[in-house]
Protein chains: 2
Amino acid sequence: MSFVDRLHERMARLNTRLCVGLDPRPEWHPAGVDLWTHCSSVLEACAEYACAVKPQVAFFEAQGLAGMETLHRVLQLAKALEIPAIIDAKRGDIGSTAEAYANAWLRGENGGSALTVAPYMGRDTIQPFLDAAKEEGGALFCLVKTSNPGAGDLQDLPTPEGTVAQWVAGWTRAFNGEGEGYGPVGAVVGATRPSELALFRSLMPRSVLLLPGVGAQGGKPADLAPAFHEGGRGAVVAASRAVEYASRGQDYAEAAARSARDLRDAINAAIGC
Amino acid sequence: MSFVDRLHERMARLNTRLCVGLDPRPEWHPAGVDLWTHCSSVLEACAEYACAVKPQVAFFEAQGLAGMETLHRVLQLAKALEIPAIIDAKRGDIGSTAEAYANAWLRGENGGSALTVAPYMGRDTIQPFLDAAKEEGGALFCLVKTSNPGAGDLQDLPTPEGTVAQWVAGWTRAFNGEGEGYGPVGAVVGATRPSELALFRSLMPRSVLLLPGVGAQGGKPADLAPAFHEGGRGAVVAASRAVEYASRGQDYAEAAARSARDLRDAINAAIGC
């Protein structure tokens, strides 16, 4: 089964559209709780509420080799728990380099995972990622309209093809081609942009939308219904700090699970699932 | 001394504008030559011809934890050899994540290095990198117009502010502010785009230009003069495969040194240095 099929199977079976983000900050951990203990405890505690897990590579890279080793273990744990993993690395580079990144994140032990990719360098730089995703049953999430305050700096520039973000949405649609169901190229659209969700939903009918920015960044579950297709399909809501650091005390895992359950319920309420 | 000052000091002292790229592909190494041996031998052999070294993080990531450990050692070696390092990672993410990447690549052991950054997500996502670069005496190279065939897909889109690439060039200029000499925000402009070099040079007078794409990608030293300021200042030419894999035999290090020397000379001839 491909990433998008495994994702939708889990969304339906557990009735959840919540993707739990892992952005570990050791300085927020209670005394004696290391990176691996925190990440693995949060993931296990939230598993039943999570349709996917999204480790943010930056926070592991920032901890050096030990951090990258922990990321590797987190991805293995997600596999053991059968939780689809979205590796949030926002990679993008020329063809031969993109192949190297694809080997790192979409093949081998990471085969079947999804990866976030950046579009600035052009379609030919996304193709090697797409080839790897197709061959390994994985997926991509291409940055289209991001959740940060300055996203519009570049993404909202008007062009003869619509805004830059709309132009990139068109690539995503073309990469998936025509047909039924979802293709392997999803799109990142910020949950902080509720007024734009319906537009991007319609521009990319075969893309799974990844909606980051709920919680700490200000996005609200109640506003996200336009991103979903009927039956609560076709989108996942990513929350990181709001779940992982719901508590900075020793009760962090239970607090994360409660926050994940509440977010799952709030999203389901918004979409009538 | 800041990165751009150390870079220019070395450019002047050794009379070279060549940045040696390290994109290691173990499958191209002669029998018995591991990643570290190849990278370190090439870097040491080319040191006298190189004003900078540019490890491409993707090729190290593709080798897993052992690859990242090797990258760490390569960056330590560059420091020992006093060769300014441009870490080619093309990172870009929301503010808190950008801070984590900046911690990984521009602070601590990597303080004083330069990092390539991607602009799609907007100026607020570059600011944390800039803060780290300023505080640590490092630098950034922002993607402006890349060297790959499909670069124009997005970068050449016309907008009311010029093309997307010209708009990003304007950010780079603004980040550096007014004044004498070079600021900490350089720009990537493909050596495969000779007709555009003069334009981007004039749009970013205080940015060091990083010109990738010489050799395997088709860029020619003879075409690159418009990227330089008087005295051969303000730009560096990156060559990776053409140097590192000038030979795939046991003579790889000597072949790399010959190729680096020849490229240095060809660049100097083009700019009259």
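Residues numbered from 1 in each chain as written. Chains lettered and ligands numbered in written order. Predicted model: local features only at pLDDT ≥ 70, side-chain atom pairs only at ≥ 80, totals over all residues. Heavy atoms only, no water.

### A few points about the sheet that holds strand β2 (residues 52–55) of chain A
Residues and elements named next belong to chain A.
Right, so step 1: Ordered in space as β2-β1-β10-β9-β8-β5-β4-β3, the eight strands form an open sheet in which the pairing is parallel. Among the strands making up the open sheet, the edge pair consists of β2 and β3 (86–91). Direction aside, neighbouring strands of the sheet carry axes that sit 30 degrees apart on average.
Right, so step 2: Of the pairings in the sheet, the one linking strand β4 (residues 114–117) to strand β5 (residues 139–145) comprises four bridges and is parallel in character. When the sheet's bridge partners are listed, L115 is paired in β5 with L140.
Right, so step 3: Strand contacts of helix α9 (residues 194–203): β5, β8 (185–189) and β9 (209–212), with the helix running at about 130 degrees to β5, the strand carrying the most contacts. (Pairing = 2+ DSSP bridges. Helix = DSSP H or I, 4+ residues; strand = E, 2+ residues; numbered from the N terminus. Axes fitted to C-alpha atoms, helices over the stretch in contact; angles between N-to-C directions. Contact = heavy atoms within 4.5 Å.)

### Topic: the packing of helix α2 (residues 35–46) of chain B against helix α4 (residues 64–80) of chain B
Each pair of packed helices can be summarised by the angle the axes make with each other and by the distance between the axes.
All names here are of chain B.
Right, so step 1: It is at 10 Å that the axes of α2 and α4 come closest, and there the two elements cross at 20 degrees. When the axis of α2 is compared with that of α4, the two are roughly parallel. Seen from above, α2 lies across α4 with right-handed handedness. Where α2 abuts α4, its residues L35, W36, C39, S40, L43 and E44 lie against G67, T70, R73, V74, L77 and A78.
Right, so step 2: A class-by-class count of the residues in the contact of α2 with α4 yields seven nonpolar, three polar and two charged. (Parallel < 35°, antiparallel > 145°, perpendicular 65-115°, else oblique. Left-handed = near helix turned anticlockwise from the far one by under 90°. Nonpolar A, V, L, I, M, F, W, Y, C, P; charged D, E, K, R; others polar.)

### Observations concerning the interface of chain B and chain A
Right, so step 1: Taken together, the 54 residues of chain B in the interface contact 54 residues of chain A.
Right, so step 2: Carbon and sulfur atoms supply 61% of the area buried between chain B and chain A, which totals about 4200 Å² over both sides.
Right, so step 3: The three residues of chain B that bury the most area against chain A are L65, Y120 and D153 of chain B, which together make up 18% of that side's buried surface.
Right, so step 4: Our enumeration of links across chain B and chain A arrives at six salt bridges.
Right, so step 5: Broken down by class, the residue content of the side of chain B that touches chain A amounts to 28 nonpolar, 14 polar and twelve charged. (Buried area = accessible area lost by both parts, 1.4 Å probe. Salt bridge = Lys/Arg side-chain N within 4 Å of Asp/Glu carboxyl O.)

### With respect to the relation of the copies chain B and chain A
Right, so step 1: Structural alignment of chain B on chain A gives an RMSD of 0.0 Å, achieved by rotating through 180 degrees and translating 0.0 Å along the axis. Classification of the inter-copy transformation places it as that of a two-fold axis. If distances are taken from each C-alpha of chain B to the rotation axis, the shortest is found for T159 of chain B, at 2.5 Å.
Right, so step 2: Looking at the interface residues of chain B, 100% of them are also at the interface in chain A, so both copies use one shared face. (Least-squares fit on C-alpha atoms with pLDDT ≥ 70 in both.)

### As for the nonpolar core
Right, so step 1: The biggest cluster of nonpolar side chains holds 200 residues, and the ones touching the most others in it are L211 of chain A together with L211 of chain B.
Right, so step 2: Beyond its immediate stretch of four places on either side in the chain, L211 of chain A contacts V189, A191, L197, L224, A227, F228, A235, V236, V237 and A238 of chain A. (Core = buried A, V, L, I, M, F, W, Y, C linked by side-chain atoms within 4.5 Å. Buried < 20%, exposed > 50% of the residue type's maximum accessible area, 1.4 Å probe, protein only.)

### Points about the packing of aromatic side chains
All names here are of chain B.
Right, so step 1: Enumeration over the complete set of coordinates arrives at six aromatic pairs over all chains.
Right, so step 2: For the pair F3 and F141, a centre-to-centre distance of 6.1 Å together with 80 degrees between the ring planes defines the contact as edge-to-face. With F3 in helix α1 (residues 3–14) and F141 in strand β5 (residues 139–145), this pair connects stretches of sequence that are 138 residues apart.
Right, so step 3: A relative accessible area of 0% means that F3 is categorised as buried.
Right, so step 4: The exposure class assigned to F141 is buried, which follows from its relative accessible area of 1%.
Right, so step 5: Ring plane angle 75 degrees and centroid distance 6.5 Å describe the contact between W167 and W171, whose orientation is recorded as edge-to-face. One end of the pair is W167 and the other is W171, both in helix α8 (residues 164–176) and four residues apart, which spans about a single turn. Taken as a pair, W167 and W171 share a single burial class, namely buried.
Right, so step 6: Note that R73 overlies the ring of W36, its terminal NZ or CZ placed 4.0 Å from the centroid. (Phe/Tyr/Trp six-rings, centres within 6.5 Å; stacked < 30°, edge-to-face > 60°. Lys NZ or Arg CZ within 6 Å of the ring centre and 35° of its normal.)

### Re the packing of helix α6 (residues 123–136) of chain A against helix α8 (residues 164–176) of chain A
Residue and element names in this part refer to chain A.
Right, so step 1: The interhelical angle for the contact between α6 and α8, taken along N-to-C directions, is 35 degrees, at an axis separation of 12 Å. Crossing handedness for the pair α6 and α8: right-handed. On α8, the residues that touch R123, I126, Q127 and L130 of α6 are W167, W171 and F175.

### Examining unusual backbone geometry
Only a minority of non-glycine residues have a phi that is not negative, and only a minority of peptide bonds are not trans.
Right, so step 1: The phi dihedral of K90 of chain A is positive, around 50 degrees, even though this residue is not glycine.
Right, so step 2: The topology assignment puts K90 of chain A in strand β3.
Right, so step 3: Non-glycine residue N15 of chain B carries a positive phi angle of around 50 degrees.

### What to know about the pairing of strand β3 (residues 86–91) of chain B
All names here are of chain B.
Right, so step 1: Extensive coverage of β3 is indicated by the burial of six of its six residues.
Right, so step 2: Burial along β3 is two-sided: the residues I86, D88 and K90 and I87, A89 and R91 are all buried.
Right, so step 3: Taken together, the three bridges between β3 and strand β4 (residues 114–117) define a ladder with parallel strand orientation. Note on β4: the bridge partner recorded for I86 is A114.
Right, so step 4: You can see the chain leave β3, run along helix α5 (residues 95–105) and come back into β4, and the turn it takes is right-handed. (Right-handed = clockwise from strand over helix to strand, strands pointing away.)

### Brief notes about the pattern of salt bridges
As a working rule, side chains carrying opposite charge can pair if their charged atoms are close by.
Right, so step 1: Evaluated as defined, the whole model comprises 26 salt bridges over all chains.
Right, so step 2: In this structure, D153 of chain B engages R123 of chain A in a salt bridge whose closest nitrogen and oxygen atoms are separated by 2.9 Å. With D153 of chain B in helix α7 (residues 152–155) and R123 of chain A in helix α6, this residue pair bridges two chains.
Right, so step 3: The partly exposed category is assigned to R123 of chain A, whose relative accessible area is 31%.
Right, so step 4: Its salt-bridge partner being D265 of chain A, residue R264 of chain A comes within 2.9 Å of it at the nearest N-O pair.
Right, so step 5: R264 of chain A sits in the buried class, given a relative accessible area of 18%.
Right, so step 6: Residues participating in the shared-partner salt-bridge network are K54, D88 and K90 of chain A together with D93 of chain B.

### So, the sheet that holds strand β1 (residues 18–22) of chain B
All names here are of chain B.
Right, so step 1: Read from one edge to the other, the open sheet built from eight strands follows the order β2-β1-β10-β9-β8-β5-β4-β3, with strand pairing classed as parallel. Two strands lie at the open edges of the sheet, namely β2 (52–55) and β3, each paired on one side alone. Here the strands of the sheet are splayed against their neighbours by 30 degrees on average, with no regard to which way each runs.
Right, so step 2: In this sheet, strand β8 (residues 185–189) lies alongside β5 in parallel orientation, the contact comprising five bridges.

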